Amino acid sequence: MTDQPKTKKARCLEDLRNRILTQELPPGAYLDEVDLAETYDISRPPLREVLNQLAGEEYVLLHKNRGAQVSPMTHKTLRNFFVAAPMIYSAVTRLAAMNATTAQLMRLKDTQLLFRAAIRDGDAAERALLNLRFHTIIGDMADNEYLAPSLRRLLIDHTRIGMTFYNPRNPSLTRQRKQAADQHDEFITLIEAGDSDAAAALAIAHWELSRVEIESFVTPKGMEIPLGEAPQVLSTKGAS
């Protein structure tokens, strides 16, 4: 019986993380503690412990007298995201190639198999969560307490941004997803070989693939709709 509250608390924590990452709980939304307590069948004290942990991980902000708010994504945070992403991903991946253990490589390979399955099944949410897991494992390999918090925050927002525009019916995005999956295989090969320079360079290329994908959503191509011939210009010949 003593384990049951911990099980409920852990389930609540994991589910809230996933709901925030997949934007079921959108950026800036306020969380109702009464509703959450009923949904997860836990009392308010352990729920507040969950919210405090989510705040520490930067999934939510805690406001006095207003409760928990899903971390917003503002113009400033998005700008800083684009500035920081290539530097952090490159540094983390370089260290991963230097420090990875056999057990971590096995976890990375297992995650990659699931990632490809999610792409094949067209499961956008599962794909996003497995992509986060893949890069989180690379962060674990880096084993750097200074980079870890930055990577965690980066991956939270990267996952949420990806969920705003992913469309499995878009052939261009489908090709990019396949290329991203192929690059994951390259990450595994380079990290396993301990090739830190090539792994860091691949991290930049992998980021560029995401950046182009995001920018294509922000500034999409115009719709190619035939509008017919332009009206004939009236001849002014002989006009008074």
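Please refer to the structure higher up on the page.
So, here is what we can say about the structure in this document.

Reading guide: rules and limits
Residues numbered from 1 in each chain as written. Predicted model: local features only at pLDDT ≥ 70, side-chain atom pairs only at ≥ 80, totals over all residues. Heavy atoms only, no water. Helix = DSSP H or I, 4+ residues; strand = E, 2+ residues; numbered from the N terminus. Buried < 20%, exposed > 50% of the residue type's maximum accessible area, 1.4 Å probe, protein only. Contact = heavy atoms within 4.5 Å. Areas by Shrake-Rupley, 256 points an atom, 1.4 Å probe, with all protein chains shown as cover. Core = buried A, V, L, I, M, F, W, Y, C linked by side-chain atoms within 4.5 Å. Axes fitted to C-alpha atoms, helices over the stretch in contact; angles between N-to-C directions. Parallel < 35°, antiparallel > 145°, perpendicular 65-115°, else oblique. Nonpolar A, V, L, I, M, F, W, Y, C, P; charged D, E, K, R; others polar. 1 Å grid on protein atoms, 1.4 Å probe; cavity = no way out; pocket = protein on both sides within 12 Å on 5 of 7 lines; lining within 4 Å. Points joined across faces, edges and corners; volume = space filled by probe spheres on them. Pairing = 2+ DSSP bridges. Salt bridge = Lys/Arg side-chain N within 4 Å of Asp/Glu carboxyl O.

**A word on the overall build of the protein chain**
Moving on, step 1. Assigned secondary structure in the protein chain consists of 9 helices and 2 strands.
Moving on, step 2. Reading the protein chain from its N terminus to its C terminus gives the helix and strand order α-α-α-β-β-α-α-α-α-α-α.
Moving on, step 3. Residues counted as buried form 38% of the 240 residues belonging to the protein chain.
Moving on, step 4. A separation threshold of at least 6 residues defines the contact pool for the protein chain, and within that pool the share at least 24 residues apart is 73%.
Moving on, step 5. Carbon and sulfur atoms make up 55% of the accessible area of the protein chain, which amounts to about 14300 Å² in all.

**Looking at the nonpolar core**
Moving on, step 1. Counting residues in each nonpolar core, the largest one holds 50 residues, and the members touching the most others are Leu-16, Leu-31, Leu-54, Tyr-89, Leu-108, Ile-138 and Ile-191.
Moving on, step 2. Excluding residues within four positions of it along the chain, Leu-31 makes contact with Leu-25, Leu-36, Leu-51, Val-60, Ala-68 and Val-70.

**Concerning the packing of helix α2 (residues 33–40) against helix α3 (residues 44–56)**
Moving on, step 1. Running from amino to carboxyl end, α2 crosses α3 at an angle of 105°, the nearest separation of the two axes being 10 Å. Here α3 runs roughly perpendicular to α2, going by the angle between their axes. Touching Glu-33, Val-34, Leu-36 and Ala-37 of α2 are Arg-44, Leu-47, Arg-48 and Leu-51, all from α3.
Moving on, step 2. Here the residues of the contact of α2 with α3 sort into 5 nonpolar, no polar and 3 charged.

**Observations regarding the layout of surface pockets**
Moving on, step 1. When its volume is computed, the largest pocket comes out at roughly 530 Å³.
Moving on, step 2. Arg-17, Tyr-59, Leu-132, Arg-133 and Thr-136 are, among the 22 residues lining the largest pocket, the residues nearest its centre.
Moving on, step 3. For the lining of the largest pocket, the element with the most residues is helix α6 (residues 124–142), which contributes 9 residues.
Moving on, step 4. For the lining of the largest pocket, the per-class residue count stands at 9 nonpolar, 4 polar and 9 charged.

**As for the pairing of strand β1 (residues 60–63)**
Moving on, step 1. Both β1 and strand β2 (residues 67–70) contribute to a ladder of 4 bridges, which runs antiparallel. Bridge pairing in β2 places Val-60 opposite Val-70.
Moving on, step 2. Counted between consecutive antiparallel strands, the loop separating β1 from β2 contains 3 residues, among which Asn-65 sits at a positive phi close to 70°.

**Quick word on the pattern of salt bridges**
Moving on, step 1. Tallied over the entire structure, the rule returns 16 salt bridges.
Moving on, step 2. Notably, a salt bridge pairs Arg-17 with Glu-57, separated by 2.9 Å at the nearest N-O pair. Of the two residues, Arg-17 is situated in helix α1 (residues 4–21) and Glu-57 in the loop between α3 and β1; the sequence distance between them amounts to 40 residues.
Moving on, step 3. By relative accessible area, Arg-17 is classed as partly exposed at 21%.
Moving on, step 4. Judged by relative accessible area, which is 14%, Glu-57 ranks as buried.
Moving on, step 5. The salt bridge involving Glu-33 is made with Arg-44; its shortest N-O contact spans 3.1 Å. Here Glu-33 is found in helix α2, whereas its partner Arg-44 is found in helix α3, with 11 residues between them in sequence.
Moving on, step 6. Residue classification places Arg-44 among the partly exposed positions, given a relative accessible area of 32%.
Moving on, step 7. Each of Glu-58, Arg-153, Asp-157 and Arg-160 takes part in salt bridges that share partners, so that together they form one network.

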